[in-house]
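# Topology and contacts: notes
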Amino acid sequence: MEFVDLVFYLLSTVAVMAAVMVISVRNPVHSVLFLVLTFFNVAGLFVLLEAEFLAAILVMVYMGAVAVLFLFVVMMLDVDFSRLRQGMVQHLPLGLAVGLIFLAELVVVGASAKAGAIGGQATAAGAVNNVAEIGRVLYSRYLYPFELASLILLVALVGAVVLTLRDGKRPGVKQQDIAMQLSRTRDQAVQLKKVKSGEGA
Amino acid sequence: MTMSLNHYLVLSALLFTVGVLGIFLNRKNVIIILMSIEMMLLAVNVNFVAFSHYRHDLTGQIFAFFVVTVAAAEAAIGLAILVTFFRNRATIDVEEIDSLKG
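Residues numbered from 1 in each chain as written. Chains lettered and ligands numbered in written order. Predicted model: local features only at pLDDT ≥ 70, side-chain atom pairs only at ≥ 80, totals over all residues. Heavy atoms only, no water.

### Notes on unusual backbone geometry
Of note, Glu50 of chain A is a non-glycine position whose phi angle comes to about 65 degrees, a positive value. Position of Glu50 of chain A relative to the elements: it lies in the loop between helix 2 (28–48) and helix 3 (52–76). Residue His56 of chain B is not a glycine yet carries a positive backbone phi of 55 degrees. As for its placement among the helices and strands, His56 of chain B is situated in the loop between helix 2 (30–54) and helix 3 (59–89). The exposure class assigned to His56 of chain B is partly exposed, which follows from its relative accessible area of 43%. (Helix = DSSP H or I, 4+ residues; strand = E, 2+ residues; numbered from the N terminus. Buried < 20%, exposed > 50% of the residue type's maximum accessible area, 1.4 Å probe, protein only.)

Rendered as C-alpha cells:
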C-alpha cells in the first residue's frame, strides 16, 4: 500500500468518525467542534484530489465562517451546560487524543505533498495551476452562475439582518437616531467661543 | 492499491448517511439538524470533486464552489431564523416547534 493510500484512509476514517460524533455527543459545542474536524479532513481529501482551491475555500468559508457562526449561535442560545461541567476532567484524555490525531494528520498531509498525486494520470498540459484553471473557466463560461451566486449572497445578507435586527427603544441600550443625526444643522454642531490667548476654553 | 473513484463515492455515501441519520435520530436540538444539512452538502461536494478529478473535467469543482456558496448562505439564514425563534419561544427543542401543525 502506498503512502498516499494511507493518507486517504486516515483522512476518511477520521472524517467519518468525527461526523458520527457530531450527531451523537450531548454538548452542542462539541458537536460544532467535531463538525470543524470533519470539514478539515475533507479539505485534506480535496488536496489529495488536486483541488487545492476548493480545499482552501472549504477552510475559509466552512470552517472560518459557517462553523464560527454555529459556535456563536450555540453559545448565544441558552443550552443546559450542567452536564458538561461534571464530565470536564474525564474528557481531558479524549481531548488530548483528538489533538494528537489532528497533529499527526497535519504532519502527514504536509509530507504527502512530495509523494505525488492520486490517480497517476497527469493532465495533458503537465502540471497546471488549479486556481488559474478554475479562474479561466469560472469567469468565462460560468460567469452567469457566478453573478447569480453573488446575488444569492446579497439576499442572504439582507435576510439575516432583517430577521435578527431589533429596532426600537429598549431600556438601558443606547441607540443611534440616524434621522436626527443627518438633519443636524451647523448651529447645533458648531459653537464659536472667544478665548483669550494663554487661557483655556 | 491506488485510490479509485469508488473509494471516494463510498466515503461520500457514508458522510451523507451520517447527515441523514443526524436529522432522523435527533429529537432535541435544532442546531444538530442544521449541522446535518451542512454535512450532507459536504458529502455532495466530495462526490463532485471526486468525479471532477477522475474525469479530468473542472465542471465538478466549479459546481462544488457554488454549492459551498449556497450552503453558507443557507446556514446564515437558518441560524437567523433559529435565533429569532428562540427569542420568541425560549426553546430549541424540536418537539416544541409545532405551531404550524394541522
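### Points about the pattern of salt bridges
Residues and elements named next belong to chain A. Overall, the coordinates contain one salt bridge over all chains when judged by the stated rule. The closest approach of N and O atoms between Arg136 and Glu133, which form a salt bridge, is 3.4 Å. Within this pair, Arg136 and its partner Glu133 are both found in helix 6 (residues 130–138), separated by three residues, close to a single helical turn. (Salt bridge = Lys/Arg side-chain N within 4 Å of Asp/Glu carboxyl O.)

### A short note on the interface of chain B and chain A
Counting residues at the interface gives 54 residues for chain B, matched by 62 residues for chain A. When chain B packs against chain A, close to 5,200 Å² is buried across both sides, 82% of that on carbon and sulfur atoms. Applying the counting criterion to the chain B and chain A interface returns five residue pairs in polar contact (both at pLDDT 80 or more). Where the side of chain B that touches chain A is concerned, the elements lending two or more residues are helix 1 (5–25), helix 2 and helix 3 of chain B. Looking at which element gives the most residues to the side of chain B that touches chain A, the answer is helix 3 of chain B, with 23 residues. When grouped by side-chain class, the residues that make up the side of chain B that touches chain A number 39 nonpolar, twelve polar and three charged. (Contact = heavy atoms within 4.5 Å. Buried area = accessible area lost by both parts, 1.4 Å probe. Polar contact = N/O pair within 3.5 Å; in protein donor to acceptor, adjacent residues only side chain to side chain. Nonpolar A, V, L, I, M, F, W, Y, C, P; charged D, E, K, R; others polar.)

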